[in-house]
Amino acid sequence: SAVISQKPSRDICQRGTSLTIQCQVDSQVTMMFWYRQQPGQSLTLIATANQGSEATYESGFVIDKFPISRPNLTFSTLTVSNMSPEDSSIYLCSVGPQGTNTEAFFGQGTRLTVV
Amino acid sequence: RKEVEQDPGPFNVPEGATVAFNCTYSNSASQSFFWYRQDCRKEPKLLMSVYSSGNEDGRFTAQLNRASQYISLLIRDSKLSDSATYLCVVRVSGSARQLTFGSGTQLTVLP
């Protein structure tokens, strides 16, 4: 299993500002994933973060808006830039599935409100 | 069409009831199938994987029909603690995206 520490757990931010979310994993993992979960909705993948290379973004998400860092195999950050109220959501980092272990593990989530 | 579609819910059932959730997926290259549970204001956690032969874990039974691209979850003898959102999750073979999530079905078990 993997234990992921994600912070902050929640924040209220002014529009136009940026927030950086951090995820620390208790083991080395090749890929980390960043999801957004809007109220009453399921998880939407924002990007896949690989160590040593640029993140791969899904359709509708761009690096300028959601820059990601992956400095080593246990850590990643997601920045939500130039925020607007539409960015209010829960952001989750995740690892897995890996190898024969088919389970994905999630951080506790960051509940972001933009005012 | 969404890649993974679930019953819209919400489901409100009395304790002890049996409830079934359905899910369909559109990508025939889908390889692995799961049900995740998400409690209110919590992160998703794996409930059970779904195997072609069907599988059971206590009160929970999951079934897969590859021909119809259909997955189900049956909960017997519902408990108050079963109240949560149940997410149908699919993994496509060779996809770097790893997992695709359904929109979830909310279950409330009433006393």
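This write-up is about the structure you can find in this document. Worth saying up front: this structure is predicted, and the values here are computed from it rather than measured.

Focus on the interface of chain B and chain A
- Chain B puts 17 residues into the contact, and the matching count from chain A is 21 residues.
- When chain B packs against chain A, the two sides together hide about 1600 Å² of surface, and 52% of this comes from carbon and sulfur.
- Remark: the boundary between chain B and chain A carries zero salt bridges.
- The interface formed by chain B and chain A contains three residue pairs in polar contact (both at pLDDT 80 or more).
- Sorting the residues of the side of chain B that touches chain A by element identifies strand E4 (30–38), strand E5 (45–50), strand E9 (84–92) and strand E10 (99–101) of chain B as the ones contributing at least two each.
- Tallying contributions element by element places E4 of chain B first for the side of chain B that touches chain A, with three residues.
- Here the residues of the side of chain B that touches chain A sort into eight nonpolar, five polar and four charged.

Looking at the packing of aromatic side chains
All names here are of chain B.
- Taken as a whole, this structure holds eleven aromatic pairs over all chains when the rule is applied.
- Between Phe-11 and Phe-21, the ring centres sit 5.2 Å apart and the planes meet at 75 degrees, which makes this aromatic pair edge-to-face. Of the two residues, Phe-11 is situated in strand E2 (residues 11–14) and Phe-21 in strand E3 (residues 19–25); the sequence distance between them amounts to ten residues.
- The partly exposed category is assigned to Phe-11, whose relative accessible area is 22%.

Considerations on the sheet that holds strand E7 (residues 60–65) of chain B
Residue and element names in this part refer to chain B.
- Ordered by their spatial adjacency, five strands build an open sheet running E1-E3-E8-E7-E6, and the pairing between neighbours is antiparallel. In this open sheet, the two strands that pair with only one neighbour each are strand E1 (4–6) and strand E6 (55–57). Averaged over all adjacent pairs, the angle separating strand axes in this sheet is 15 degrees, with direction ignored.
- Pairing between E6 and E7: three bridges, direction antiparallel.

Some thoughts on the pairing of strand E3 (residues 19–25) of chain A
Residues and elements named next belong to chain A.
- The two faces of E3 differ: Leu-19, Ile-21, Cys-23 and Val-25 on one face are buried, but Thr-20, Gln-22 and Gln-24 on the other face are not.
- Strand direction decides the pairing type here: strand E1 (residues 4–7) and E3, joined by four bridges, are antiparallel. Its bridge partner lying in E3, Lys-7 is registered against Gln-22.
- Direction of pairing for E3 relative to strand E8 (residues 75–80): antiparallel, over a ladder of six bridges. Directly across from Thr-20, in E8, lies its bridge partner Thr-79.

What to know about the pattern of salt bridges
All names here are of chain B.
- In total, this model carries five salt bridges over all chains according to the counting rule given.
- Between Asp-39 and Arg-37 there is a salt bridge whose closest N-O contact spans 2.8 Å.
- Note on Asp-39: relative accessible area 30%, which makes it partly exposed.
- One salt bridge connects Arg-76 with Glu-56, and the closest N-O pair in it is separated by 3.6 Å. Taken together, the residues span a long stretch of sequence, with Arg-76 in the loop between strand E8 (70–75) and E9 and Glu-56 in strand E6 at a distance of 20 residues.

Observations concerning the side chain of Asn-55 of chain B
Residue and element names in this part refer to chain B.
- Checked against the element boundaries, Asn-55 lands in strand E6.
- Classification of Asn-55 by relative accessible area gives buried; the value is 15%.
- Polar contacts involving the side chain of Asn-55 include one to the main-chain carbonyl oxygen of Ser-49, which spans 2.7 Å.
- A polar atom in the side chain of Asn-55 sits 2.9 Å from the backbone nitrogen of Tyr-51.
- What Asn-55 contacts, discounting residues up to four positions off in sequence, is Met-48, Ser-49, Val-50, Phe-60, Thr-61 and Ala-62.

Digging into unusual backbone geometry
- For the peptide bond that leads from Lys-7 of chain A to Pro-8 of chain A, omega is 0 degrees, which places it in the cis range.
- Counting through the fold element by element, Pro-8 of chain A comes out in the loop between E1 and strand E2 (10–13).
- Located in the positive-phi region is Arg-41 of chain B, a residue other than glycine, with phi close to 65 degrees.

Digging into the environment of Arg-59 of chain B
Residue and element names in this part refer to chain B.
- Within the secondary structure, Arg-59 sits in the loop between E6 and E7.
- Residue Arg-59 is classed as partly exposed on the basis of its relative accessible area of 22%.
- The spacing of Arg-59 and Lys-79 is 20 residues in sequence and 9.9 Å in space, taken between C-alpha atoms.
- Setting aside anything within four residues of it in sequence, one finds Arg-59 in contact with Leu-74, Ile-75, Arg-76, Asp-77, Ser-78, Lys-79 and Asp-82.

The rules behind each value
Residues numbered from 1 in each chain as written. Chains lettered and ligands numbered in written order. Predicted model: local features only at pLDDT ≥ 70, side-chain atom pairs only at ≥ 80, totals over all residues. Heavy atoms only, no water. Contact = heavy atoms within 4.5 Å. Buried area = accessible area lost by both parts, 1.4 Å probe. Salt bridge = Lys/Arg side-chain N within 4 Å of Asp/Glu carboxyl O. Polar contact = N/O pair within 3.5 Å; in protein donor to acceptor, adjacent residues only side chain to side chain. Helix = DSSP H or I, 4+ residues; strand = E, 2+ residues; numbered from the N terminus. Nonpolar A, V, L, I, M, F, W, Y, C, P; charged D, E, K, R; others polar. Phe/Tyr/Trp six-rings, centres within 6.5 Å; stacked < 30°, edge-to-face > 60°. Buried < 20%, exposed > 50% of the residue type's maximum accessible area, 1.4 Å probe, protein only. Pairing = 2+ DSSP bridges. Axes fitted to C-alpha atoms, helices over the stretch in contact; angles between N-to-C directions.

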